Amino acid sequence: MDREAHLYDEAFNQCKQSLVLDPNFSMGHWCLGQVYLEKRQYAEATSELKRANDLGTTPLIVCDLGCVYAASGKKTEARAMRHSLESKSQFNYISPYLIASIYSQLGEKDEAFNWLEKAFDRRDGISYLAAGPMMDPLRSDPRFADLIQRLHLPQS
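For every chain, the first residue of its written sequence is number 1, and the numbers climb from 1 along that sequence. Since the coordinates come from a predicted model, pLDDT governs what is reported: local features require at least 70, and pairs of side-chain atoms require 80 or more to be given and counted, while whole-chain, interface and lining totals use all residues. Think of the side-chain values as coming from all heavy atoms in the structure, minus any hydrogens and water.

### A word on the pattern of salt bridges
Argument step 1. Just to be clear on terms, a salt bridge is a Lys or Arg side-chain nitrogen sitting within 4 Å of an Asp or Glu carboxyl oxygen. Within the structure shown, the criterion is met by nine salt bridges.
Argument step 2. Put simply, Arg-82 and Glu-86 hold a salt bridge, and the shortest N to O gap is 3.6 Å. With Arg-82 and Glu-86 both in helix 5 (residues 75-88) and four residues apart, the pair spans about one turn of that helix.
Argument step 3. Exposure is judged per residue with a 1.4 Å probe applied to protein chains only, and the accessible area is read against the type maximum: over 50% gives exposed, under 20% gives buried, and values in between give partly exposed. A relative accessible area of 18% means that Glu-86 is categorised as buried.
Argument step 4. For Arg-150, the salt bridge identified is with Asp-146, shortest N-O distance 3.0 Å. Taken together, the residues Arg-150 and Asp-146, both in helix 8 (residues 142-151) and four residues apart, mark about one turn of the helix. Numbering of helices and strands runs from the N terminus, with a helix taken as a DSSP run of H or I at least four residues long and a strand as a DSSP run of E at least two residues long.

What follows is the structure, encoded as structure tokens:
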């Protein structure tokens, strides 16, 4: 899906087609959830991401479910998703970028930047920083510009 290009109708059609072929394709539901999230259709995004999670949970799906909860004002649910990832990260590798994404969407900037620094140190997921919409709440913070500069990425 080409979120950065804002080709939502095309992405929607592609996701729907994948689900025609296999209605139980977890990542098809995830993709559709992403489209709805970008279009700020939070109820639909939540439904698709929950379905994706039921079919085959991954840290990415848990992160995005947390982000949609945060974006739709369901902070308790968003924090539960974040806590789930943080707990799992004690025993399994979870990209710090995913955890930072939920903190960002919750507006908890200091914690978001703490996790982004971990992602930077590990060079994990950080390439999405410049274009990734989950970091939009952080863009006006000078720490964001500093991270972009250290990565030598163009700022969008």
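On we go.
### Quick notes on the state of the cysteines
Argument step 1. In plain terms, two cysteine sulfur atoms within 2.5 Å form what is called a disulfide here. Counted under the stated rule, the structure contains one disulfide.
Argument step 2. Between the sulfur atoms of Cys-15 and its disulfide partner Cys-31 the distance amounts to 2.1 Å. Negative torsions about the S-S bond denote left-handed disulfides, and the value of about -45 degrees found for Cys-15 with Cys-31 makes this one left-handed. You can see Cys-15 sitting in helix 1 (residues 8-21) and its partner Cys-31 sitting in helix 2 (residues 26-38), a full 16 residues away along the chain. There is no split in this pair, since Cys-15 and Cys-31 are both buried.
Argument step 3. As a non-bridged cysteine, Cys-63 has Cys-67 as the owner of its nearest cysteine sulfur, 4.1 Å distant.
Argument step 4. On the basis of relative accessible area, Cys-63 is assigned to the buried category, the value being 1%.

### Looking at helix 2
Argument step 1. Given a rise of 1.5 Å per residue, 13 residues ought to cover 18 Å, and the 19 Å separating the end C-alpha atoms of helix 2 matches this to within 8%.
Argument step 2. With twelve of 13 residues buried, helix 2 lies mostly within the body of the structure.
Argument step 3. The set of residues buried in helix 2 consists of Ser-26, Gly-28, His-29, Trp-30, Cys-31, Leu-32, Gly-33, Gln-34, Val-35, Tyr-36, Leu-37 and Glu-38.
Argument step 4. Where helix 2 is buried, its residues meet helix 1, helix 3 (42-56) and helix 4 (59-71).
Argument step 5. Positive backbone phi, at 60 degrees, marks Arg-40, one or two positions downstream of helix 2. To estimate how far a helix should reach, multiply one less than its number of residues by 1.5 Å. In this analysis, two residues are considered to be in contact whenever any of their non-hydrogen atoms come within 4.5 Å of each other.

### Considering the nonpolar core
Side chains that are nonpolar tend, in soluble globular proteins, to be buried together.
Argument step 1. Ranked by internal contacts, the top residues of the largest apolar core, which has 48 residues, are Leu-85, Leu-116, Leu-129 and Met-135.
Argument step 2. Sorting the residues of this core by element identifies helix 1, helix 2, helix 3, helix 4, helix 5, helix 6 (96-106), helix 7 (109-122) and helix 8 as the ones contributing at least two each.
Argument step 3. Considering each element in turn, this core owes the most residues, eight residues, to helix 4. Joining through side-chain atoms within 4.5 Å is the link that ties buried Ala, Val, Leu, Ile, Met, Phe, Trp, Tyr and Cys residues into a set, and such a set is a nonpolar core.

### Some details on the packing of aromatic side chains
Argument step 1. Centre distance within 6.5 Å is the pairing criterion for rings of Phe, Tyr and Trp, where only the six-membered ring of Trp is used; planes under 30 degrees apart are then read as stacked, over 60 as edge-to-face, and the remainder as tilted. Across all of its chains, the model carries one aromatic pair by this definition.
Argument step 2. Judged by centre distance (5.9 Å) and plane angle (70 degrees), the rings of Phe-12 and Tyr-36 are edge-to-face. On the criterion of sequence distance, the pair formed by Phe-12 in helix 1 and Tyr-36 in helix 2 is long-range, its members being 24 residues apart.
Argument step 3. We classify Phe-12 as partly exposed; its relative accessible area is 23%.
Argument step 4. The exposure class of Tyr-36 is buried, given its relative accessible area of 14%.
Argument step 5. Put simply, a charge is over a ring when the Lys NZ or the Arg CZ is close to the ring centre, within 6 Å, and near the line of the ring normal, within 35 degrees. Looking at Lys-118, its charged tip hangs above the ring of Trp-115, at a distance of 3.7 Å from the centre.
Argument step 6. A cation over an aromatic ring shows up here: Arg-123 above the ring of Phe-120, its NZ or CZ 4.2 Å from the ring centre.

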